[in-house]
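Structural overview for review
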Amino acid sequence: MAIFRSLYAPLYFLVFLGSATLIISNGVSRGWLIPLFFGSVAVSLLAERIAPFDDRWNSSHGDSRRDIAHAFVNEGSILILVLLLPIIASFVPWPSVWPDAWPFWTQVVLAIIILDVGITLTHYASHRNALLWRFHAVHHSVRRMYGFNGLLKHPVHQLIEISVGALPWLLLGIPTDVAVVGTFAVVIQLQLQHSNVDMRIGLLRYLWAVAPVHRHHHLASETEGNVNFGLFFTIWDLLLGTGKFVSSAHIRSGTVGLAGVESYPETYLAQLTEPFRTRQPSPETGPVRNEGQA
């Protein structure tokens, strides 16, 4: 079991992202990424039962149907945006400067790094700007962490994140195939970030923003939750002064979520409309503990 806990995260990432890279770089239909996505969800859920971080997070909190709805809408909208990328890119008034002569996998790595900067800075701003926080608070309303609810985001906030993150892609003239794999990498990474697997990543926590690092970000605390904003890498948090790399073993059921709010909507449609309501949790301190949450 110790070997499983140590190898799960890197193998999960490399196998699924590597498979996507092989599919796209060899000209195989992009449609194969759909069963690959469902396979990644199935493996994530299975691994959480083999080596759970918190058994209580494996039990539904009445959120399963909501999380499925979020995933369906959000991943579907990302797919549409990626497919529209060539049309949007046609409005860029200069030739592509993307290094398309590089090996395909190195282009994917470059795409991930570029995307990570934009998404991380948008995430950071979302904890400090009242308007952005209204939409981002939906993601912080989760009362348990498991891989699949890493895909839970308000579609408006997701659109803002993706737009900021992918803008440099457009300006540089990224090939659509590279953008497809880079986007798929986000889906894989989000599941690892929120995974309920008791993964042991050792020194990788200083580089890679997966669950043992990201749990700190969901901690319901006025001061301790505003850390570790990075999607893929922790280097941005080191530069922002928001990195926290101590053990997150104490972050268990009842310690994540929102506070400063008596209750937060838990159904999909209610979460879509909540950001437009007058009373909202404050973005000044980010997620704050709600002692009444279970």
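Residues numbered from 1 in each chain as written. Predicted model: local features only at pLDDT ≥ 70, side-chain atom pairs only at ≥ 80, totals over all residues. Heavy atoms only, no water.

All right, on to a nonpolar patch on the surface then. A cluster of nonpolar residues, Ile80, Leu84, Ile87, Ile88 and Phe91, forms a patch on the protein surface that exposes about 510 Å² of accessible area. As for its position among the elements, Ile80 is in helix 3 (residues 64-83). (Patch = residues over 30% accessible without salt bridge, like charges linked within 9 Å, V, L, I, M, F, W, Y side chains within 5 Å. Areas by Shrake-Rupley, 256 points an atom, 1.4 Å probe, with all protein chains shown as cover. Salt bridge = Lys/Arg side-chain N within 4 Å of Asp/Glu carboxyl O. Helix = DSSP H or I, 4+ residues; strand = E, 2+ residues; numbered from the N terminus.)

With 54 residues, the main nonpolar core has Leu33, Trp169, Ile174, Phe184, Leu192 and Met199 as its most contacted residues. If near-sequence neighbours (up to four positions away) are discounted, Leu33 is found in contact with Ala20, Ile23, Ile24, Val180 and Phe184. With seven residues, the next largest nonpolar core counts Trp133, Leu152, Leu258 and Tyr264 among its residues. (Core = buried A, V, L, I, M, F, W, Y, C linked by side-chain atoms within 4.5 Å. Buried < 20%, exposed > 50% of the residue type's maximum accessible area, 1.4 Å probe, protein only. Contact = heavy atoms within 4.5 Å.)

This part takes up the packing of aromatic side chains. In the structure shown here, the tally under the stated rule is 10 aromatic pairs. On the numbers, 5.7 Å between centres and 75° between planes, the contact of Phe13 with Trp208 is edge-to-face. Taken as a pair, Phe13 in helix 1 (residues 2-25) and Trp208 in the loop between helix 8 (176-193) and helix 9 (211-218) lie far apart in primary sequence, 195 residues in all. On the basis of relative accessible area, Phe13 is assigned to the buried category, the value being 14%. Residue classification places Trp208 among the buried positions, given a relative accessible area of 10%. Ring centres of Tyr124 and Phe229 lie 5.4 Å apart, and the angle between their planes is 80°; this geometry places the pair in the edge-to-face category. Taken together, the residues span a long stretch of sequence, with Tyr124 in helix 5 (residues 104-126) and Phe229 in the loop between helix 9 and helix 10 (235-240) at a distance of 105 residues. A cation over an aromatic ring shows up here: Arg128 above the ring of Tyr124, its NZ or CZ 3.9 Å from the ring centre. Against the face of Phe53 rests Arg252, its NZ or CZ located 3.9 Å from the ring centre. (Phe/Tyr/Trp six-rings, centres within 6.5 Å; stacked < 30°, edge-to-face > 60°. Lys NZ or Arg CZ within 6 Å of the ring centre and 35° of its normal.)

Take the packing of helix 5 against helix 7 (residues 155-172) next. The geometry of helix 5 relative to helix 7 is characterised by a closest axis approach of 8 Å and an angle of 145° between their N-to-C directions. Remark: the crossing between helix 5 and helix 7 carries right-handed chirality. Taking contact as the criterion, the partners of Ala111, Ile114, Leu115, Gly118, Ile119, Thr122, His123 and Ser126 in helix 5 are, on helix 7, His157, Ile160, Glu161, Ile162, Val164, Gly165, Ala166, Pro168, Trp169 and Leu172. Classifying every residue of the contact of helix 5 with helix 7 by side-chain character gives 11 nonpolar, six polar and one charged. (Axes fitted to C-alpha atoms, helices over the stretch in contact; angles between N-to-C directions. Left-handed = near helix turned anticlockwise from the far one by under 90°. Nonpolar A, V, L, I, M, F, W, Y, C, P; charged D, E, K, R; others polar.)

Right, let's talk about the environment of His61 for a bit. Within the secondary structure layout, His61 lies in the loop between helix 2 (33-50) and helix 3. Separated by 82 residues in the primary sequence, His61 and Arg143 place their C-alpha atoms 7.7 Å from one another. Among all residues touching His61, those that are not within four sequence positions of it are Arg56, Arg143, Arg144 and Glu266. Polar contacts involving the side chain of His61 include one to the main-chain carbonyl oxygen of Ser59, which spans 2.8 Å. (Polar contact = N/O pair within 3.5 Å; in protein donor to acceptor, adjacent residues only side chain to side chain.)

Before going further, it helps to spend a moment on helix 2. An ideal rise of 1.5 Å per residue puts 26 Å on 18 residues; helix 2 measures up with 25 Å between its terminal C-alpha atoms. Among the residues of helix 2, those classed as buried are Leu33, Leu36, Phe37, Ser40, Val41, Ser44, Ala47 and Glu48. Across the axial projection of helix 2, the buried residues extend over an arc of 145°, all falling on one side. More than 90 degrees from the buried face of helix 2, the exposed residues found are Phe38 and Leu46. On its buried face, helix 2 is in contact with helix 1, helix 3 and helix 8. (Expected span 1.5 Å × (residues − 1). Arc of directions from axis to C-beta.)

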